[in-house]
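Commentary on secondary and tertiary structure
Listed here are the chains, written in short residue letters.
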Amino acid sequence: EKGTYEHYMLKEIDEQPPVIRKIIQEYSNDKNELEIDSDIRQALLDVDRIYIIAAGTSYNAGLIGKEFIEKIARVHTEVFVASEFSYNMPLLSQKPLFIFISQSGETADSRAVLVQVKELGYKTLTITNVPGSTLSREADYTLLLHAGPEIAVASTKAYTAQMAVLAILAVDLARAKGSSVPFDVTQELGLVANAMETLCNEKEEMEQIAEEYLSVSRNCFFIGRAVDYYVCLEGSLKLKEISYIQAEGFAGGELKHGTIALIENRTPIIALTTQQHVNLGIRGNVQEVIARGANACIISMEGLEQINDRLVLPHVLDLFTPFVSVVPLQLIAYYAARQRGCDIDKPRNLAKSVTVE
Ligand code: F6R
């Protein structure tokens, strides 16, 4: 139930820290290490490439999952939009494994790919919030999100839960392959939950940012580099679907190759910078858009902040910044929609699970 909340979406944003803690609990073994089911570990050890298939927000979580699996476990991983996969079927490796990421477990586009790759005899794993869902029943293996029911059409806690489960999968796989993992994942995810909570307690600030940057705008650009770019894709999807502001997530360096033509006086730009190695680059991009009149809101990670940054995120492990940086973007989208009087939990034209191809 919604309780004292005006909308499920806000409740579900606030549930993210406890959901991360619940996932830590659910995936801890008796030695207090995070692990996945040994059958799934075995299946993963046996593959030479992972193909992630998903739609919408789950696809955006898959992009981060690829980072985790490649950087932590060093297994080649590719991510595909489910509805495009069969047209652009890649040359598959010798021993692929398919991971379907789906909050509902009912997305028809993802199911179509599942059916197709099962016919080819490949191994399949579903990561879903709904036990007994179609994708869970039909795949060889399932990992659950333990996020509790997600009622708002715009997905929030499922996105961060998907990333958490993918991080645990990556760490388990690295260990099983005999590689050392240079951080304590339980501890780092715990810190992530605390940092998310800090941001959930700064709602007035997010409300003000929405007011300041988005109250009269018809469009908005989110820019970032590296993993920040992936989070920008999710931030722009959230803003579009609930506030109907046209939004685009863009790779900072790509802007000058065309899209910068759209920048006008007061065009809102939300820029993310959470990684040392992209900090200078993205700040350069911000200067380029400001020089063309943009109204830029910089969100940076503690340690990288500069004087005019609008919001500074609590520091977490570099790899895990998406858990934290997405929270203000979810809240900014929420308040922008609320200020416009939109139907936040049931945006126009959208359904919670898309069961047609
Ligand atoms: C965005 C959103 C959609 C879903 C997409 C996939 O907020 O809710 O983009 O993420 O339809 O749904 P699932 O994860 O249920 O397969």
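Residues numbered from 1 in each chain as written. Predicted model: local features only at pLDDT ≥ 70, side-chain atom pairs only at ≥ 80, totals over all residues. Heavy atoms only, no water.

Looking at an unreviewed UniProt entry, one finds the chain named Glutamine--fructose-6-phosphate aminotransferase [isomerizing], with Ectobacillus ponti as its source organism. The UniProt entry for the chain carries this comment under Function (unreviewed entry): "Catalyzes the first step in hexosamine metabolism, converting fructose-6P into glucosamine-6P using glutamine as a nitrogen source." Taken from UniProt, the Catalytic activity (unreviewed entry) comment for the chain reads in full: "D-fructose 6-phosphate + L-glutamine = D-glucosamine 6-phosphate + L-glutamate". (UniProt positions renumbered as here; feature names shortened; annotations may be inferred.)

1. As for the overall build of the chain
The secondary structure content of the chain amounts to 13 helices and 10 strands. The C-alpha atoms of the chain give 20 Å as radius of gyration, which agrees with the globular expectation for 357 residues (21 Å, within 12%). If one aligns the C-alpha atoms of the chain with their principal axes, the spans along those axes are about 55 × 45 × 40 Å. Across the 357 residues that make up the chain, the buried fraction comes to 58%. Long-range pairs, those at least 24 residues apart, make up 76% of the contacts in the chain between residues at least 6 apart in sequence. Surface summary for the chain: the accessible area is close to 14900 Å², and the carbon and sulfur share equals 47%. When the 33 basic and 47 acidic side-chain charges of the chain are each reduced to a single mean position, those positions are 2 Å apart. (Helix = DSSP H or I, 4+ residues; strand = E, 2+ residues; numbered from the N terminus. Rg over C-alpha atoms; globule rule 2.2 N^0.38 Å. Buried < 20%, exposed > 50% of the residue type's maximum accessible area, 1.4 Å probe, protein only. Contact = heavy atoms within 4.5 Å. Areas by Shrake-Rupley, 256 points an atom, 1.4 Å probe, with all protein chains shown as cover. Lys, Arg positive; Asp, Glu negative; His and termini not counted. Charge placed at Lys NZ, Arg CZ, Asp CG, Glu CD.)

2. Some thoughts on the packing of aromatic side chains
Scanning all chains against the criterion turns up 11 aromatic pairs. Between Phe68 and Phe320, the aromatic rings sit 5.4 Å apart at their centres with planes inclined by 75°, giving edge-to-face as the arrangement. Placement of the pair is Phe68 in helix 4 (residues 56-73) and Phe320 in the loop between strand 10 (311-313) and helix 13 (321-339), with a sequence separation of 252 residues. We classify Phe320 as buried; its relative accessible area is 0%. Seen from their ring centres, Tyr229 and Tyr230 are 5.8 Å apart, and the 40° between their planes marks the pair as tilted. Overall, the relative accessible area of 26% leaves Tyr229 in the partly exposed class. (Phe/Tyr/Trp six-rings, centres within 6.5 Å; stacked < 30°, edge-to-face > 60°.)

3. Some details on the nonpolar core
Generally speaking, nonpolar side chains in soluble globular proteins are found buried as a group. Core analysis: the largest hydrophobic core is formed by 104 residues, its most contacted members being Phe68, Phe320 and Phe323. With 14 residues, helix 8 (residues 157-176) is the single largest residue contributor to this core. Filtering out sequence-adjacent residues up to four positions away, Phe320 remains in contact with Phe68, Ala167, Phe183, Val185, Glu188, Leu189 and Val192. Residues Ile260, Ile269, Val289 and Ile298 belong to the second largest nonpolar core, which totals 14 residues. (Core = buried A, V, L, I, M, F, W, Y, C linked by side-chain atoms within 4.5 Å.)

4. Describing the environment of Leu199
When you line up the elements, Leu199 lands in helix 9 (residues 185-200). Note: C-alpha distance between Leu199 and Val324 (125 residues apart in sequence) is 8.0 Å. What Leu199 contacts, discounting residues up to four positions off in sequence, is Met206, Leu313, Pro314, Val324, Val327, Pro328 and Leu331.

5. A look at the packing of helix 10 (residues 203-214) against helix 13
Helix packing for two helices is described by the angle between their axes and how far apart those axes are. The N-to-C vectors of helix 10 and helix 13 enclose an angle of 60°; their axes lie 8 Å apart at closest approach. By the angle class used here, helix 10 and helix 13 are oblique. In the crossing of helix 10 with helix 13, the sense of the turn from one axis to the other is right-handed. Where helix 10 approaches helix 13, its residues Lys203, Met206, Glu207, Ile209, Ala210, Glu211 and Leu214 are matched on the opposing element by Pro328, Leu331, Ile332, Tyr335, Ala336, Arg338 and Gln339. Along the lines of polarity and charge, the residues of the contact of helix 10 with helix 13 split into nine nonpolar, one polar and four charged. (Axes fitted to C-alpha atoms, helices over the stretch in contact; angles between N-to-C directions. Parallel < 35°, antiparallel > 145°, perpendicular 65-115°, else oblique. Left-handed = near helix turned anticlockwise from the far one by under 90°. Nonpolar A, V, L, I, M, F, W, Y, C, P; charged D, E, K, R; others polar.)

6. Quick notes on the pairing of strand 6 (residues 219-224)
The element strand 6 is extensively covered by neighbouring structure, given that five of its six residues are classed as buried. Of the strand pairs in this sheet, strand 6 and strand 7 (residues 246-251) are connected by six bridges, and their pairing is parallel. Bridge pairing in strand 7 links Cys220 to Ala247. Handedness of the crossover is the feature at issue here: the chain leaves strand 6, passes through helix 11 (residues 227-243), returns alongside strand 7, and the resulting connection is right-handed. Examined bridge by bridge, strand 6 and strand 8 (residues 268-273) share three bridges and lie parallel to one another. Residue pairing for strand 8: Phe221 is matched across the bridge by Ile269. (Pairing = 2+ DSSP bridges. Right-handed = clockwise from strand over helix to strand, strands pointing away.)

7. Re the pattern of salt bridges
A full pass over the atoms with the stated rule returns 20 salt bridges. When the shortest N-O distance is used, the salt bridge between Arg21 and Glu197 registers 3.1 Å. Remark: Glu197 occurs in helix 9 and Arg21 occurs in helix 2 (residues 16-26); sequence separation between them is 176 residues. For Arg21, a relative accessible area of 33% corresponds to the partly exposed category. (Salt bridge = Lys/Arg side-chain N within 4 Å of Asp/Glu carboxyl O.)

8. Points about the sheet that holds strand 9 (residues 295-301)
Taken together, the five strands give an open sheet; going across it, the order is 7-6-8-9-10, and neighbouring strands pair in parallel fashion. At either end of the open sheet lies a strand with only one pairing partner, and these are strand 7 and strand 10. Taking each pair of neighbouring strands and ignoring which way they run, the sheet shows an average axis angle of 20°. The strands touched by helix 12 (residues 276-290) are strand 6, strand 8 and strand 9; relative to strand 8, the strand with the most contacts, the crossing angle is about 170°.

9. So, the packing of helix 4 against helix 11
At a minimum axis separation of 10 Å, helix 4 and helix 11 run at an interaxial angle of 170°. By the angle between their axes, helix 4 is roughly antiparallel relative to helix 11. In contact with Gly56, Thr57, Asn60, Leu63, Ile64 and Glu67 of helix 4, helix 11 contributes Val227, Tyr230, Val231, Leu233, Glu234, Leu237 and Lys238. Classifying every residue of the contact of helix 4 with helix 11 gives seven nonpolar, three polar and three charged.

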